[in-house]
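The primary structure of each chain is shown beneath.
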Amino acid sequence: MRLTLKFLVKSFIAIVLLVFVLPMIIHYLDSQEWQKLEADARMKRESGVQHMKKKSGSSNSDNNLAQLKAVEPEPDLGPKEFGPKAVLDWNKIGNYEPTLAHQSGPGERGEPVYITNEERQKAEQSIREYGFNMVVSDKIAMNRSIPDLRHTECKHWQYPEKLPTASVIIVFHNEGFSTLLRTVHSVINMSPTHLLHEVVMVDDYSDKEHLRFKLDEYIKQFGDKVKLYRNPERYGLIRTRTAGAKYATGDVIVFLDAHCECQKNWLAPLLSRIAYDRTIMAVPIIDGIDWNDFHYSSVYQHGQHFRGIFEWGFLYKESEVPKIVLNERKYDSEPYRSPTHAGGLFAMDRKYFFELGAYDPGLQIWGGENFELSFKIWQCGGSVEWVPCSRVGHVYRNHMPYGFGKISAKIPVILINYMRVVEVWLDEEYRDYFYTREPTIRGYPIGDIKDQLLFKKEHKCRSFKWFLENVAIEIPEKFPFPPQNLAWGEI
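K.L.:
Please give an account of the confidence of the model for the chain that cites residues and values.
P.N.:
Looking at the chain, the pLDDT average stands at 86 and 82% of residues meet or exceed 70. The low-confidence segment residues 21-71, where pLDDT is below 50, has 15 contacts with residues more than four positions distant or belonging to other chains.

K.L.:
Lay out the packing of aromatic side chains in plain terms, naming residues and giving numbers.
P.N.:
Taken as a whole, this structure holds 37 aromatic pairs when the rule is applied. Centroid distance F375 to F467: 5.3 Å. Interplanar angle 65°. Geometry classified as edge-to-face. Remark: F467 occurs in helix α15 (residues 464-470) and F375 occurs in helix α11 (residues 369-379); sequence separation between them is 92 residues. You can call F467 buried: its relative accessible area is 0%. Against the face of W466 rests R462, its NZ or CZ located 4.3 Å from the ring centre.

K.L.:
Any chance you could break down α11 for me, citing the residues and the numbers?
P.N.:
For α11, the tally of buried residues reaches eleven of eleven residues, placing the bulk of the element in the interior. When α11 is considered as a whole, its buried residues turn out to be E369, N370, F371, E372, L373, S374, F375, K376, I377, W378 and Q379. G381, located one to two residues past α11, shows a positive phi value of around 110°.

K.L.:
Let's hear about the packing of helix α12 (residues 413-425) against helix α14 (residues 450-458): which residues, and what values?
P.N.:
Remark: α12 packs on α14, axes separated minimally by 9 Å, with the N-to-C direction vectors making an angle of 35°. In this structure, the crossing between α12 and α14 has a hand that is right-handed. Where α12 abuts α14, its residues R420, E423, V424 and W425 lie against Q452, L453, F455 and K456.

Rules used throughout
Residues numbered from 1 in each chain as written. Predicted model: local features only at pLDDT ≥ 70, side-chain atom pairs only at ≥ 80, totals over all residues. Heavy atoms only, no water. pLDDT = per-residue confidence, 0-100. Contact = heavy atoms within 4.5 Å. Phe/Tyr/Trp six-rings, centres within 6.5 Å; stacked < 30°, edge-to-face > 60°. Helix = DSSP H or I, 4+ residues; strand = E, 2+ residues; numbered from the N terminus. Buried < 20%, exposed > 50% of the residue type's maximum accessible area, 1.4 Å probe, protein only. Lys NZ or Arg CZ within 6 Å of the ring centre and 35° of its normal. Axes fitted to C-alpha atoms, helices over the stretch in contact; angles between N-to-C directions. Left-handed = near helix turned anticlockwise from the far one by under 90°.

Right, here's the structure in full:
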């Protein structure tokens with residue numbers, strides 16, 4: 001066949017129509033159909049909104065939006081009652097601000113303390129034994145002064161005069177003497193007498209000589225303000241804290257680690273939030289005390305706000321607070337919502353703690369209890385807040401210097417704890433993300449969780465999906481959902 005110019009032109013036009021024009025026509029028709037479907041859906045949504053308006057008798061747009069989003073049942077822990085709020089008054093010093101005398105000596109104002117060459121060997125031995133330098137700690141006064149790192153606004157908050165009383169619970173196991181007692185002195189010295197109901201010390205089966213008779217004699221100076229209890233065997237941090245909460249008789253329980261130093265006016269800001277809403281867990285900002293020279297400093301840059309989150313292997317993380325959360329407040333020093341917390345330092349209404357079932361009794365020794373309690377609080381109607389005007393210093397150990405007692409598990413206890421939290425509080429799809437990170441432990445026995453699941457059902461607690469979409473909003477972005485494993489094992 002002879003290829004004429006006319007034939008080639010027609011062929012070219014046909015190809016152009018087939019390759020370019022036909023898809024455009026199809027896309028147009030599809031878009032028309034999609035717009036029709038979308039219009040139908042929009043009409044149904046608007047019809048639903050109008051129906052809800054008529055049913056509720058309200059034209060408030062915020063209420064309607066809330067109804068549209070309210071796919072979760074409201075948790076059932078009884079009606080909430082709200083108390084008075086704190087008030088910021090720049091014209092007055094805060095009503096709980098203390099006046100502290102000037103002190104001098106090693107480590108005062110949080111300055112570092114150094115050892116001599118002659119002390120080096122003893123210091124290194126103490127670090128191996130306790131995880132921090134006890135030679136340095138022993139040089140520092142029990143009531144040393146520390147720098148005031150609070151926001152300027154904090155000095156002007158007027159807190160309600162009527163606040164609940166606090167039982168400060170300090171759990172310890174083979175703790176250094178001066179770090180433990182400096183914690184006690186700090187709590188007493190930096191707390192209003194009428195608000196500090198008691199300090200509850202609970203010894204988790206220590207075998208150090210200085211934690212027996214010497215400790216008993218030392219705390220006599222505090223009278224009934226300090227009470228000491230001893231476990232008959234090793235319970236671990238989690239169960240010992242629950243025991244301490246049972247011993248406590250104040251309105252609010254405040255958990256502190258055994259190596260802390262409290263800033264001035266640290267207690268009232270925590271109690272004020274719980275007085276306003278008893279279902280709030282109030283968490284202080286934690287400053288750092290160096291394990292070697294014991295200098296005191298902030299772990300955050302000035303002006304930054306962080307909060308507790310986690311990744312899908314349940315390692316605790318912290319990130320800057322989303323602006324949408326910070327913008328819920330009027331002042332920069334006001335408390336803000338947080339998905340979780342580090343676990344060691346926080347305050348809760350004592351009755352509310354037990355209404356939630358306290359810590360899951362199946363959690364062992366240490367680890368995961370911060371997630372368990374945070375998820376339970378958030379999903380069952382409460383909230384977790386970090387309180388910038390409450391600051392407490394904490395010694396971060398060089399290493400963990402002791403074991404965890406009698407444990408028969410074949411995998412790390414902390415993973416068993418995580419599994420219990422995951423199986424109770426995460427929806428099925430989110431559980432898979434955890435097991436993607438820890439595939440070899442899926443199916444490992446974790447004990448009975450029927451009571452925890454029953455509590456969740458009876459109290460109509462919200463889903464983990466709700467928690468991610470409304471509270472822990474930054475986690476999917478910072479820690480994207482991991483893809484499924486194709487294979488795993490050892491080589």
